[in-house]
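# A look at the structure
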Amino acid sequence: MGQPNSDAGGGEEIRRRSCGCSKQDFLPEESFKSWGNYTEALKATPARLLDRLTARSGEHTELVEMKARSQHEMKKSLTWWDLMWFGIGAVIGAGIFVLTGLETKKHAGPAVVLSYVVSGVSAMLSVFCYTEFAVEIPAAGGSFAYLRVELGDFVAFIAAGNILLEYVIGGAAVARSWTSYFATLCNHHPNDFRIHVSSFPDDYNQLDPIAIVVIIAICTLAVASTKGSSRFNYIASIFHVAIILFIVIAGLTKANPKNFTPFAPYGPRGIFVASAVLFFAYVGFDAVSTMAEETKNPAKDIPIGLVGSMVITTLAYCILAVTLCLMQPYQQIDEDAPFSVAFEAVGWGWAKYIVAAGAIKGMTTVLLVSAVGQARYLTHIARTHMISPWFAKVHERTGTPVNATATMLAATAIIAFFTSLGILSNLLSISTLFIFMLVAVGLIVRRYYVSGETTPSDRNKLIICIVLILGSSIATAVYWGSSDGWIGLVVSNSIWFLSTLALWLGVPQAKKPRVWGVPLVPWVPSLSIAINLFLLGSIDKASFERFGIWTGILLVYYFLIGLHASYDSVMESKTVAGEVNSSV
């Protein structure tokens, strides 16, 4: 955003304000001191919005000034080993153990393995983009911090709201899946431990008290210690890997190649529809990027941890999907607990308990890593005052953001109590794909634009190329979703290719990565944009309606509160910095 960084004195003032639990801690900004001030702030909304639309944060601001607003620093205790196991623990959970059955039966058939490949490629491209940012800007805010630096406050806020939605919904979906597998482990139907309320609408009438208990337990562990959470995750993930090996080896002994026929009963469209939903199975790796602030050596640890965990996860998913489809005809695969029921169907009823135990373990670590990641996102968002700075507080003894963790998990518990898995997974995929697309755009901007150095001509060419890349990618997704022809796809994909080629050949890169960089820029981030938008085009209309409603709520909040709070915070930092400079 280009504002001067505040000195230690300014940081101390902000830290002092964040310690209590009064109105001053929740709405400390000048615009909320009185109704008169708030009225004047609302009148100034257009000017303030223009300021925030054009403002871009600085890396030093995100790494130094923002940290000072948390009262205490997070402890640097993580290595690449911790991050890799956090990545594995974050990803392998409800996606593979629940959604595989749902999407195999309804959309893909045995070709679900190709759906996982498509989702995995998209996820890996996003991992590369995240990794460069996490190495260069190792802040707890993850993609929120990256977008503030490259695309500005407003875009970062819209992304931030969807990041929070992603984590709340993802945690709720996994918590409900935890209950399903626990019921299977106890020899019950997946819904037996839920309370059915017939007067509630469908998809919201299976109340899940066990999910709430699990989330409370996860919250307790997450606020106690990040390193302790890492050790628990590491030990549990080793157990999980052993169970995955058991599923594959034991399942393949009961394989029947005839079950792979027909391979793609729903055609190519079914494969991509399943890919969009199964992207849920890869959600979680972005939580690892939020731990960069607590990593001992980000330049080495983050690339190894993020890329290594994604490679392992993608291979595991494909092998598990093949195993499931060889064990049972796709029409007979259970939607709620596919692996457990598959073993029971082939006469190994006892194996379902091992599978259920592994699934429960996987979902427990997914919830844990999600809790750690979402709290750090909320913490950094609160540091900017887009939401109350009370959430930015880091506990002195534990070195963890207690307020943010408890708040996010409370919201997760409420959603998990009411909402079905199908509603949650589709909505989650939209938020995730949208955010990953923005991060890829941010990486292109980072490499090709530096304020004060990039010429107006190169800047304009960059804008045109990005608009064409986005427009052609959206056109591909829309055409795919609305037509069975191929001419439109050829045209839109050709425009995408030529736009990326023009960017590659016609615009010089303005910045090189200092330590670790994404290879083949702009091709990798451009392809990430195209695939993410393409997968968005495969998601159902109702999910987009819910996404639109949530984005509308975010905009209302931003114009009424977030814009004015963050604007006042920036102005205060500039004032403090100006006073310091004048006294030197």
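Residues numbered from 1 in each chain as written. Predicted model: local features only at pLDDT ≥ 70, side-chain atom pairs only at ≥ 80, totals over all residues. Heavy atoms only, no water.

Taking an unreviewed UniProt entry as the reference, the chain is identified by name as Cationic amino acid transporter 1-like belonging to Cucurbita maxima. Check the Sequence similarities (unreviewed entry) section of the UniProt entry for the chain; it says "Belongs to the amino acid-polyamine-organocation (APC) superfamily. Cationic amino acid transporter (CAT) (TC 2.A.3.3) family." (UniProt positions renumbered as here; feature names shortened; annotations may be inferred.)

In this structure, Tyr116, Tyr181, Phe285 and Phe339 are the most contacted members of the largest nonpolar core, which totals 157 residues. Considering each element in turn, this core owes the most residues, 17 residues, to helix 17 (residues 351-383). When neighbours within four sequence positions are excluded, Phe285 is seen to be in contact with Val91, Ala123, Ser126, Val127, Tyr130, Leu306, Met310 and Phe436. (Core = buried A, V, L, I, M, F, W, Y, C linked by side-chain atoms within 4.5 Å. Buried < 20%, exposed > 50% of the residue type's maximum accessible area, 1.4 Å probe, protein only. Helix = DSSP H or I, 4+ residues; strand = E, 2+ residues; numbered from the N terminus. Contact = heavy atoms within 4.5 Å.)

Two elements in contact, helix 11 (residues 209-224) and helix 17, have axes separated by 9 Å at closest approach and are oriented at 55°. With respect to their mutual orientation, helix 11 and helix 17 come out oblique. You can see that helix 11 and helix 17 cross each other, and the crossing is right-handed. Along the contact surface, helix 11 presents Val214, Ile218, Leu221 and Ala222, while helix 17 presents Thr364, Leu367, Leu368, Ala371 and Val372. Split by residue class, the contact of helix 11 with helix 17 holds eight nonpolar, one polar and no charged. (Axes fitted to C-alpha atoms, helices over the stretch in contact; angles between N-to-C directions. Parallel < 35°, antiparallel > 145°, perpendicular 65-115°, else oblique. Left-handed = near helix turned anticlockwise from the far one by under 90°. Nonpolar A, V, L, I, M, F, W, Y, C, P; charged D, E, K, R; others polar.)

This brings us to the environment of Phe418. By secondary structure assignment, the location of Phe418 is in helix 18 (residues 402-418). The spacing of Phe418 and Arg176 is 242 residues in sequence and 9.4 Å in space, taken between C-alpha atoms.

Look at helix 20 (residues 456-482) against helix 22 (residues 523-536): their axes get within 8 Å of each other, and the N-to-C directions meet at 30°. One way to sum up the angle between helix 20 and helix 22 is to call them roughly parallel. Classified by chirality, the crossing of helix 22 by helix 20 is right-handed. When helix 20 is examined against helix 22, the residues Ile469, Leu470, Ser473, Ile474, Thr476, Ala477 and Trp480 are found in contact with a partner set consisting of Ser526, Ile529, Ala530, Leu533 and Phe534.

Relative to the helices and strands, Glu59 resides in helix 5 (residues 59-65). A sequence separation of 77 residues divides Glu59 from Glu136, and the C-alpha atoms of the two residues are 8.5 Å apart. Residue contacts for Glu59: discarding those within four places in its chain leaves Glu136, Ile137, Val149, Arg446, Lys511 and Arg514.

Another aspect to go through is helix 20. Its 27 residues place the ends of helix 20 39 Å apart at the C-alpha level, agreeing with the 39 Å of an ideal helix rising 1.5 Å per residue. Taken together, the buried positions of helix 20 are Asp458, Leu462, Cys465, Ile466, Ile469, Ser472, Ser473, Thr476, Ala477 and Trp480. (Expected span 1.5 Å × (residues − 1).)

Here we come to the pattern of salt bridges. Where charged atoms from two side chains of opposite charge come close, those side chains can pair. For the structure on display, the rule yields twelve salt bridges. Across the salt bridge formed by Arg52 and Asp51, the nearest N and O atoms sit 2.7 Å from each other. The exposure class of Arg52 is buried, given its relative accessible area of 2%. Of the residues examined, Asp51 reaches a relative accessible area of 24% and is grouped as partly exposed. Glu136 is the partner of Arg446 in a salt bridge, and the nearest nitrogen-oxygen pair spans 3.2 Å. One end of the pair, Arg446, is in helix 19 (residues 421-448); the other, Glu136, is in helix 8 (residues 112-136), with 310 residues separating them in the sequence. Assigned by exposure class, Arg446 and Glu136 land together as buried. Counted as one network, the salt bridges with shared partners bring together Arg56, Glu136, Glu150, Arg446 and Arg514. (Salt bridge = Lys/Arg side-chain N within 4 Å of Asp/Glu carboxyl O.)

What follows covers unusual backbone geometry. Across the junction of Thr261 and Pro262, the peptide omega takes the value -5°, indicating a cis bond. Checked against the element boundaries, Pro262 lands in the loop between helix 12 (226-252) and helix 13 (267-278). One non-glycine residue with positive phi stands out, namely Leu520, at about 55°. Summarising the element assignment, Leu520 is placed in the loop between helix 21 (487-506) and helix 22. Of the residues examined, Leu520 reaches a relative accessible area of 63% and is grouped as exposed.

Turning our attention to a nonpolar patch on the surface. On the surface, Ile464, Leu468, Trp486, Ile487, Val490, Val491 and Ile495 cluster together into a nonpolar patch covering about 690 Å² of accessible area. At the level of secondary structure, the elements contributing two or more residues to the nonpolar patch comprise helix 20 and helix 21. The greatest single-element share of the nonpolar patch, amounting to four residues, is contributed by helix 21. Here Leu468 lies in helix 20. With a relative accessible area of 40%, Leu468 lands in the partly exposed category. (Patch = residues over 30% accessible without salt bridge, like charges linked within 9 Å, V, L, I, M, F, W, Y side chains within 5 Å. Areas by Shrake-Rupley, 256 points an atom, 1.4 Å probe, with all protein chains shown as cover.)

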